[in-house]
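# Analysis of the macromolecular model
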Amino acid sequence: MSDAAPGPRTAVVTGAASGIGAATLARFRAAGWTAWGLDLATPDGDDADPCFATVDVTDRPALEAAFGRAAEATGRLEAVVACAGINRDGVLWKLSEEDWRQVLAVNLDGSFHAIAAALPHQRPHGRGAIVLVTSINGERGEFGQKNYAASKAGVIGLTKSAAREVGRFGIRVNAVSPGYIDTPMTRPLPTEIVDEATRASLLGRIGEPDEVAAAITWLCSDDASYVTGQVLRVDGGQHL
Ligand code: NAD
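Residues numbered from 1 in each chain as written. Predicted model: local features only at pLDDT ≥ 70, side-chain atom pairs only at ≥ 80, totals over all residues. Heavy atoms only, no water.

Here Pro8 shows up in the segment before strand 1 (10-14). Classification of Pro8 as partly exposed rests on a relative accessible area of 47%. Between the alpha carbons of Pro8 and Ala35 there is a distance of 9.6 Å; along the sequence they are 27 residues apart. Those residues in contact with Pro8, other than ones at most four positions away along the chain, are Thr34 and Thr74. (Helix = DSSP H or I, 4+ residues; strand = E, 2+ residues; numbered from the N terminus. Buried < 20%, exposed > 50% of the residue type's maximum accessible area, 1.4 Å probe, protein only. Contact = heavy atoms within 4.5 Å.)

Right, here's the structure in full:
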């Protein structure tokens, strides 16, 4: 796109203290963007990062305030990435009401809050990119993951519906759908699950956070200027 704003480009990444979010934040910064990280936690070994804030994505007013601070310098947020997510797995007959609600609150409500908080900083400029993070398990379902899969299926509906609404303002909304990626979220899982994902992958291995971050930052870039409403699988072919 030729109408990119002059000066540094600004991005916000939720869930940026760890895993895919941290890799995405690092990629934006390496490309010269002013990229803000938001998370419940602080990043390992760097609690003095001036562009990092502690925020709970389930708290919409707090998230909106944090987006406002991130947009202060340039008046705009060109890219917003909602990576914050949790899992609380359990078979149907053991899944507590609290675990159901908490996963929906972080993964789905948190994604909705990010879109809502992005809009005032993108719509007036007639452009912007938003990337949400679903999962192949939101597409196919998974044993023991009703709450997680339902939240991630919801993220797909949210992505496509929001893309339909805000395309007219020059805002693109897409999602990435990772397969099994080696992050602090998946490391505690039993080795059989890693082995199964490794076998399912056409590349014979699980994915790295930076491989998902590369797809996310591409979707935010001008190279993806005609891509919206899409769910891009980054799974090594685990789910075909
Ligand atoms: P991760 O646990 O390494 O990172 C998730 C981050 O979200 C953490 O830093 C955590 O503190 C933060 N977070 C959790 N609740 C929050 C809240 N209420 N407010 C703000 N921040 C909060 O996990 P990851 O694997 O990097 O996951 C990133 C995203 O990718 C998640 O949405 C996850 O569901 C999705 N995903 C991961 C995989 C995988 O295999 N790792 C696969 C598909 C999708």
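Having seen it, we continue.
On to the sheet that holds strand 6 (residues 171-178), then. Judged by pairing direction, the sheet is parallel, and its seven strands sit side by side in the order 3-2-1-4-5-6-7 without closing on themselves. Where the open sheet ends on each side, the last strands, each with one partner, are strand 3 (52-54) and strand 7 (231-234). Shown here is a sheet whose adjacent strand axes are inclined to one another by a mean of 20°, direction ignored. Bridging between strand 1 and strand 2 (residues 34-39) involves five bridges; their strand directions are parallel. Among the inter-strand pairings, Val13 is bridged to a residue of strand 2, identified as Gly37. Relative to strand 6, helix 7 (residues 209-220) is tilted by about 165°, and along the sheet it contacts strand 4 (79-82), strand 5 (128-133), strand 6 and strand 7. (Pairing = 2+ DSSP bridges. Axes fitted to C-alpha atoms, helices over the stretch in contact; angles between N-to-C directions.)

Taking 1.5 Å of rise per residue, the 21 residues of helix 5 (residues 146-166) would be expected to cover 30 Å, and the 30 Å separating its terminal C-alpha atoms lies within 8% of that figure. Contacts from the buried residues of helix 5 go to helix 3 (97-122), strand 5, helix 4 (136-140), strand 6 and strand 7. (Expected span 1.5 Å × (residues − 1).)

The environment of the ligand is formed by 28 residues, the closest being Ser18, Asp39, Tyr148, Ile181 and Thr183. Contact between the ligand and Cys83: an oxygen atom at 3.1 Å from a main-chain N or O atom of the residue. Between an oxygen atom of the ligand and a side-chain N or O atom of Tyr148, the distance comes to 2.6 Å. Across the complex, the protein chains shield 92% of the 820 Å² of accessible surface that the ligand would expose by itself. Spatially, the ligand is embedded in the largest pocket. (Near = heavy atom within 4 Å. Polar contact = N/O pair within 3.5 Å; in protein donor to acceptor, adjacent residues only side chain to side chain. Areas by Shrake-Rupley, 256 points an atom, 1.4 Å probe, with all protein chains shown as cover. 1 Å grid on protein atoms, 1.4 Å probe; cavity = no way out; pocket = protein on both sides within 12 Å on 5 of 7 lines; lining within 4 Å. Sits in = over half its atoms within 2 Å of the grid points.)

Once that is clear, we can look at the pattern of salt bridges. For the structure on display, the rule yields twelve salt bridges. A salt bridge links Arg127 to Asp222, with the shortest nitrogen-to-oxygen separation between them at 3.2 Å. In this pair, Arg127 is assigned in the loop between helix 3 and strand 5 and Asp222 in the loop between helix 7 and strand 7, connecting sequence segments 95 residues apart. The pair Arg127 / Asp222 is uniform in exposure class, with both members buried. Linked by salt bridges that have partners in common, Arg9, Glu78, Arg127 and Asp222 make up one network. (Salt bridge = Lys/Arg side-chain N within 4 Å of Asp/Glu carboxyl O.)

The biggest cluster of nonpolar side chains holds 34 residues, and the ones touching the most others in it are Leu38, Phe67, Ile130 and Leu132. Going through the elements one at a time, strand 2, helix 2 (60-71), strand 4, helix 3, strand 5, helix 5 and strand 6 are the ones with two or more residues in this core. Within the second largest apolar cluster, 24 residues are counted, among which are Ile20, Ala129, Ile216 and Cys220. (Core = buried A, V, L, I, M, F, W, Y, C linked by side-chain atoms within 4.5 Å.)

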